[in-house]
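Residue-level structural notes
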Amino acid sequence: MAGAGAEYEGPEYGIGNFVLLDEVSEEGFMKNLKLRFEKGRIYTYIGEVLVSVNPYRSVELYGSEYVQNYKGREIFERPPHIFAVADAAYKSMKRRFQDTCIVISGESGSGKTEASKIIMRYIAAVTNVSQQQEVERVKDVLLKSNAILEAFGNAKTNRNDNSSRFGKYMDINFDFKGDPVGGHINNYLLEKSRVVTQQKGERNFHSFYQLIYGAQDQKLEELYLVKDPTEYFYISQGDSTKVPTLNDRHDYKTVMAGLKSIGFAFRHAETLWKIVAAVLHLGSVEFAVEGDHTIVTTKEKLKVLASLLSVTEEDLTTSLCSRVIAARGEAISKVHTVPEALYGRDALAKAMYEKMFTWIVGRINEAIEVQTNGYQAGKNTVIGVLDIYGFEVFDNNSFEQFCINYCNEKLQQLFIELVLKSEQEEYMREGIEWQNVEYFNNRIICDLVEQSHKGIIAILDEACLNVGKVTDQMFLEAMNQKLGKHDHYTSRQLATGDKTLQFGRDFRIRHYAGDVNYSADGFIDKNKDTLFQDFKRMLYNSLWDMETSYLP
Ligand SMILES: Nc1ncnc2c1ncn2[C@@H]1O[C@H](COP(=O)(O)OP(=O)(O)OP(=O)(O)O)[C@@H](O)[C@H]1O
C-alpha cells in the first residue's frame, strides 16, 4: 500500500484494536502493546479510544503526507493514529454540527501536551482551504499561545523536563464552513506553590530562567537582575537551574515573538517580565526582630522591589511586616512574627504570579475571541481539548498532588460512565451477546474525596472555617475518625504496623491508579490560601495595577 499512515497492518504488528484481543488479561494487553511499540506502532485503539505510548524520540508520524492520509477518512480505515481521532472530532463537528471534546489523560510525562499540540496542528492543517486571513490569524494565535503558556505554566520536574503545572481546557470554535474562527482557554490549578519552593532536581516555572538566561544585559540591569539563577532563592532550591534539554535563551525569544504576534502591547510584555523580576527579588527579602518590631533586613532588595512594583518603600515595609486587624470595632496594626512575615512574603509571591498567569490567559482569550458581529453568531460548533495534569506520585505528596489525583479520579469516572457503562448497556439493549468485562468502578474513591459532610474536602473545609487554631494534625485526626472504616483510606494511626506512613502526618488513599501516601502538612494553609488584605491594599492603584488591572 502506498503513502504514509496507510501502511499494511499485518499480524506481525499485533492487534490494532484491543477489542479484538482473544483473551482480555493485563498480560495479553501489555504483550500486544509492547509488540506494537517495538514495531514502531505507538498508537492502538480500544474501540474508539486511542492508547498512545510515548516514544520519547522524534518520530516521523506527523508530516503532511500523514495529514493527507487521514483527512476525511473513517476512523478505522487507516492504522490507529491520533490524526484519526482529531479527524473524527472534526468530521462530526462539520457534518453534524456536533460539539465534541477530546479528553487526554495519562500520568505525568506520558505525552498529553504533545498530543494536544498534534491535534491542534492537524486541525490547523486541514482547515481554511479558502485561505481567509482571519482564520489564519486565529490558527496562528492558537498555535503560538502554546509557547507562552508553557513558558509561564510549565516547569522541569523529576519526571518531565517540560511538565505542565496547570490544567488546560481549550475550545476551538468553527464556523458553518468548518473553519476555526476563534477559541477560548480555561486554565485550572496552577501549581503556585512552585513559585516559592521546589523539590531537589526540579525547577521553578520556565519564565524565571528564560528571563535570566535570555534577556539582554541592559534589560537585566533595568530589572536589577544578574545573569545567575543561583543568586535567587525562589529559583535555586532544586539545585537544577540549567536543563540540557531546554534552551531558555532561545525560548525567551520565542515567547517575546509570540507575545508580539498575538497582540500584547510592548508595555504589557514589559510588565510581565517586571512581575517575574519582582517575584525573584521578593524571595530574597529577609526579616529580623528588633525590639518589639519585625523589620526588613535586606533594605536594598526592598528598595528595588518598591521601584518595580511602583509603590513606596514605606507602604511595602508596612504590609510585609504587619497587618491590620479588627479588634473591638477598631482597626489596629499587629506586628508579624518573622515566620508570619515569611509566610506573607511567600503568599504575595504566589498571588502575584498566579494573577499574572490568569492575566496572560485572559489576554490570549481576547485575541482569539469569536467575533460575534455578522452572521457567524450562533452558528458556532466547538471542539474542546482537555489536557489536564496526569496522575502524580512523588516521594512527598501534598495538597497539590491530592487535587491533581482527585481530578484524575473524576476523569476515570467520566470514562467509566461514558465508555464502559454505556457500551455495556447498549449491548444489553440491543441483545448483543457479549462477555461481561469486570471493571473497578472508582465511584467509591470519588465519594471518599467529595461527599458532603464526610468526604476529605468537606472535612478540610470545615477545619479551615474553624475560628480557633486548627492544625494539620487535627485535620488528620478528624479524617481518621470519619473515614477510618473506608476501604480506600488509611493512616499510621489506623494501620499501626505500616512504617511507610509517618504517625500524625501521613494518610494514604488507594486510588484507582495505585496507592498514594499524602503528607497532611500544609493542607490547611494551602486550602485557606490566605493573602493578607494589606497586600491587596498596597498594590491597589500601584502603577502596575492600573497597567494590567490584574490584581484581585
Ligand atoms: N508523540 C510524541 N513523539 C515524540 N516525543 C514525544 C511524543 N509525546 C511526548 N513526547 C516526549 O515526551 C515528553 C513529555 O511529553 P508531555 O510534556 O506531552 O507529557 P505530559 O503528559 O503533558 O506531562 P505532564 O503531565 O507532566 O505535563 C515531551 O517533551 C516529548 O519529548
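Model, not experiment: these values are computed from the prediction.

We now examine the packing of helix α14 (residues 399–430) against helix α15 (residues 443–450). The interhelical angle for the contact between α14 and α15, taken along N-to-C directions, is 140°, at an axis separation of 9 Å. Considering their axes alone, α14 and α15 lie oblique with respect to each other. Seen from above, α14 lies across α15 with left-handed handedness. Contacts between α14 and α15 involve Phe402, Tyr406, Glu409, Lys410 and Gln413 on the former and, on the latter, Arg443, Ile445, Cys446, Val449 and Glu450. Looking at the contact of α14 with α15, its residues break down into five nonpolar, one polar and four charged.

Right, let's get into the layout of surface pockets. Empty pockets left among the atoms are what a rolling probe the size of a water molecule brings to light. In this structure, the second largest pocket encloses a volume near 740 Å³. Within the residue set of the lining of the second largest pocket, elements represented by two or more residues are α4 (112–126) and β5 (163–164). Ranked by residue count, the leading element in the lining of the second largest pocket is α4, at seven residues. Residues that form the lining of the second largest pocket fall into these classes: eleven nonpolar, 14 polar and eleven charged.

Moving on, we get to unusual backbone geometry. Phi angles above zero are rare outside glycine, and Phe97 is one such case at about 50°. Mapping Phe97 onto the fold places it in the loop between α3 (82–96) and β3 (100–104). Its identity is not glycine, yet His453 carries a phi of approximately 70°, on the positive side. Tracing the backbone through its elements, the reader meets His453 in the loop between α15 and α16 (456–465).

A separate point is the pattern of salt bridges. Under the criterion given, the structure shown has 34 salt bridges. Here Lys34 makes a salt bridge to Glu38, at a shortest N to O gap of 3.2 Å. Within this pair, Lys34 and its partner Glu38 are both found in helix α1 (residues 26–38), separated by four residues, close to a single helical turn. Residues Lys34 and Glu38 agree in their burial class; the two are exposed. Of the charged contacts in the structure, one is a salt bridge between Glu340 and Arg323, with a shortest N-O distance of 3.8 Å. Residue Glu340 is found in helix α13 (residues 338–368), and its partner Arg323 is found in strand β10 (residues 322–327); the two are separated by 17 residues along the sequence. Judged by relative accessible area, which is 25%, Glu340 ranks as partly exposed. Three or more residues are tied together by salt bridges with common partners; here these are Arg165, Glu191, Arg194, Glu202 and Glu392.

A surface patch of negative charge is lined by Glu48, Glu423, Glu426 and Glu430. If you trace the backbone, Glu48 turns up in the loop between β1 (43–46) and β2 (49–52).

A sheet is described by the order of its strands in space; here three strands give the open sequence β13-β14-β15, paired in antiparallel fashion. For this open sheet the edge positions go to β13 (489–491) and β15 (514–519), each flanked by a neighbour on one side alone. Ignoring strand direction, the axes of neighbouring strands in this sheet form an average angle of 25°. As judged from the six bridges shared by strand β14 (residues 506–511) and β15, these two strands associate in the antiparallel manner. From the neighbouring strand, Arg508 faces β15, where its bridge partner is Asn517.

Calculation rules
Residues numbered from 1 in each chain as written. Predicted model: local features only at pLDDT ≥ 70, side-chain atom pairs only at ≥ 80, totals over all residues. Heavy atoms only, no water. Axes fitted to C-alpha atoms, helices over the stretch in contact; angles between N-to-C directions. Helix = DSSP H or I, 4+ residues; strand = E, 2+ residues; numbered from the N terminus. Parallel < 35°, antiparallel > 145°, perpendicular 65-115°, else oblique. Left-handed = near helix turned anticlockwise from the far one by under 90°. Contact = heavy atoms within 4.5 Å. Nonpolar A, V, L, I, M, F, W, Y, C, P; charged D, E, K, R; others polar. 1 Å grid on protein atoms, 1.4 Å probe; cavity = no way out; pocket = protein on both sides within 12 Å on 5 of 7 lines; lining within 4 Å. Points joined across faces, edges and corners; volume = space filled by probe spheres on them. Salt bridge = Lys/Arg side-chain N within 4 Å of Asp/Glu carboxyl O. Buried < 20%, exposed > 50% of the residue type's maximum accessible area, 1.4 Å probe, protein only. Patch = residues over 30% accessible without salt bridge, like charges linked within 9 Å, V, L, I, M, F, W, Y side chains within 5 Å. Areas by Shrake-Rupley, 256 points an atom, 1.4 Å probe, with all protein chains shown as cover. Lys, Arg positive; Asp, Glu negative; His and termini not counted. Charge placed at Lys NZ, Arg CZ, Asp CG, Glu CD. Pairing = 2+ DSSP bridges.

Such coordinate-based values are descriptive only and should not be taken to indicate function.
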